[in-house]
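Below, each chain spelled out in residue letters.
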Amino acid sequence: MARGPDGQGGGAGFSLADQLFNADTLRDLAQDYAVLPGFDTARFHSDALGGLEGRGLLQRLDWIATCVEAQLPKAFPAMAEALEAALPDPLDPSLTDDDFGRFIHAVPGILAVRHGLEDHRDRALDLIYEATKRFSMEFYIRPFLNRWPDQTLARMDDWARDDNYHVRRLVSEGTRPRLPWAANITLDPAVPLRFLDVLHADSTRYVTRSVANHMNDLSKVMPDTVVDRLRNWQGQGRQDGREIDWMTRHALRTAVKRGEPGALDLLGYRPGQVNARIEAMPASVRIGEALEFAVVLEADAPLPVLVDYRLRFHRPKGPAEKVFKLKTGQVVPGKPLRLTKRQMLRGNATTYTLHPGRHGVIIQVNGQDVAEAVFELLPAQS
């Protein structure tokens, strides 16, 4: 489940911030810094723990970094040396995915930006390079891309070929145009394509997932470029066939929802004559109940189909739509393809708000609208 930078999400009363930053995790971090001469672990633990209340996730990270900084040398080169000395062991280099690291180890990145960005660029980038082997520095490389684009990109040319896959992932993830939670970067979004040309052939899913997410970001502003690049990568044959197929689908997920012809064509879903109808659509549904309907597709020739549906919401200020996946399949002449869907219309959905009124369902096949039906959304049962 997606959670915002305030650390809230999940069930009632759940706090990701409390799960990540508490007495136990701060005690672990204190032990890392215990290797530094004169570092008072008890003082750090008390100060850091006492300042957590009322702060969200990212604010807690800043506070913890401030508590660490209070006991480090003031001059950044010496501070960076101390931070590197206190780093835990690198993340397991034999793994290939799902090893993001612990949020408590973001401190070096925060302090690299806070004290190294302006006057100690190269030393700060060295620190980020080492720290990202323990926890992803994707948030903290971005200020350097904005302040020192040429110099930071030159580093990334080397990092894209680094032996450590966490360093390689940083190159793709840190340059994403729309990295969740992170500060914007002013970089021309086409510039990092030179890195993705290298990284798309990576041997680890952790890196290739980042490349696919990066390409999905790009597809929102450069859809034709993304399709052309993915087609080129497929032709190179440098990546395992199944992996490049997965990357292509993942990279084009937003373009497919928008019905971009180039994206659909690359995935093998080409326009074709298809007859469609919506069946079993109720005339009305209440908020909090399920909308159930069926879609029947027929074609005169075999046709691979990617079927989505859009809910058209009634809104006081005008209609809005949201795309949902339905099914991929094959329509065969003489054998109608029947698909069913049960969509809960929750009043407390996190991504949209429901208002009573006339709503619609639009069926989309291979990027083309082929059928539509309407229903009345009634207020929740009191």
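See the structure shown above.
Criteria and thresholds
- Residues numbered from 1 in each chain as written.
- Predicted model: local features only at pLDDT ≥ 70, side-chain atom pairs only at ≥ 80, totals over all residues.
- Heavy atoms only, no water.
- Helix = DSSP H or I, 4+ residues; strand = E, 2+ residues; numbered from the N terminus.
- Contact = heavy atoms within 4.5 Å.
- Core = buried A, V, L, I, M, F, W, Y, C linked by side-chain atoms within 4.5 Å.
- Buried < 20%, exposed > 50% of the residue type's maximum accessible area, 1.4 Å probe, protein only.
- Axes fitted to C-alpha atoms, helices over the stretch in contact; angles between N-to-C directions.
- Parallel < 35°, antiparallel > 145°, perpendicular 65-115°, else oblique.
- Nonpolar A, V, L, I, M, F, W, Y, C, P; charged D, E, K, R; others polar.
- Arc of directions from axis to C-beta.
- 1 Å grid on protein atoms, 1.4 Å probe; cavity = no way out; pocket = protein on both sides within 12 Å on 5 of 7 lines; lining within 4 Å.
- Points joined across faces, edges and corners; volume = space filled by probe spheres on them.

Once that is clear, we can look at unusual backbone geometry. The backbone of D98 shows a phi angle near 55°, a positive value even though the residue is not glycine. Within the secondary structure, D98 sits in the loop between helix 5 (76-85) and helix 6 (107-116).

So, about the side chain of D97. By the secondary structure assignment, D97 is in the loop between helix 5 and helix 6. Each residue touching D97, except ones within four places of it in the same chain, is listed here: Y165, R205, Y206 and R209.

Turning next to the nonpolar core. With 88 residues, the main nonpolar core has F44 and M215 as its most contacted residues. Sort the elements by how many residues they give to this core and helix 4 (residues 57-69) lands first, with seven residues. Setting aside residues no more than four positions away along its own chain, F44 makes contact with L26, L29, A30, F39, I64, C67, V68 and Q71. Grouped together as the second largest cluster of nonpolar side chains are 31 residues, L297, F324, L326 and L377 included.

Moving on to the packing of helix 13 (residues 223-236) against helix 14 (residues 241-251). As a packed pair, helix 13 and helix 14 sit with axes 11 Å apart at the nearest point and diverge in direction by 175°. When the axis of helix 13 is compared with that of helix 14, the two are roughly antiparallel. On the side of helix 13, the interface is formed by L230, W233 and Q234, while helix 14 contributes I244, D245, M247, T248 and A251. Taken together, the residues that form the contact of helix 13 with helix 14 break down as five nonpolar, two polar and one charged.

This part covers helix 5. Buried residues of helix 5: F76, M79, A80, A82 and L83, and no others. For helix 5, the angular spread of buried residues about the axis comes to 160°, placing them on one side. Buried residues in helix 5 make contact with helix 2 (23-33), helix 4, helix 6 and helix 7 (121-131).

Bringing the environment of N184 into the picture now. By the secondary structure assignment, N184 is in the loop between helix 10 (165-174) and helix 11 (193-199). Residue classification places N184 among the exposed residues on the basis of a relative accessible area of 65%. Between the alpha carbons of N184 and P37 there is a distance of 38 Å; along the sequence they are 147 residues apart. Ignoring anything within four residues of it in the chain, the contact list for N184 reads R142 and N146.

The computed volume of the largest pocket comes to approximately 760 Å³. In terms of lining residues, the largest pocket is bounded by 30 residues, among which F100, E138, R169, E173 and P180 are the most central. Only helix 4, helix 8 (138-147), helix 10 and helix 12 (205-219) provide two or more residues apiece to the lining of the largest pocket. Ranked by the residues each element gives to the lining of the largest pocket, the list is headed by helix 12, at six residues. Counted by class, the lining of the largest pocket contains 14 nonpolar, four polar and 12 charged residues. Considered as a void within the structure, the second largest pocket measures approximately 200 Å³ in volume. Within the residue set of the lining of the second largest pocket, elements represented by two or more residues are helix 4, helix 6 and helix 8. Of the residues that constitute the lining of the second largest pocket, the class distribution is nine nonpolar, no polar and one charged.

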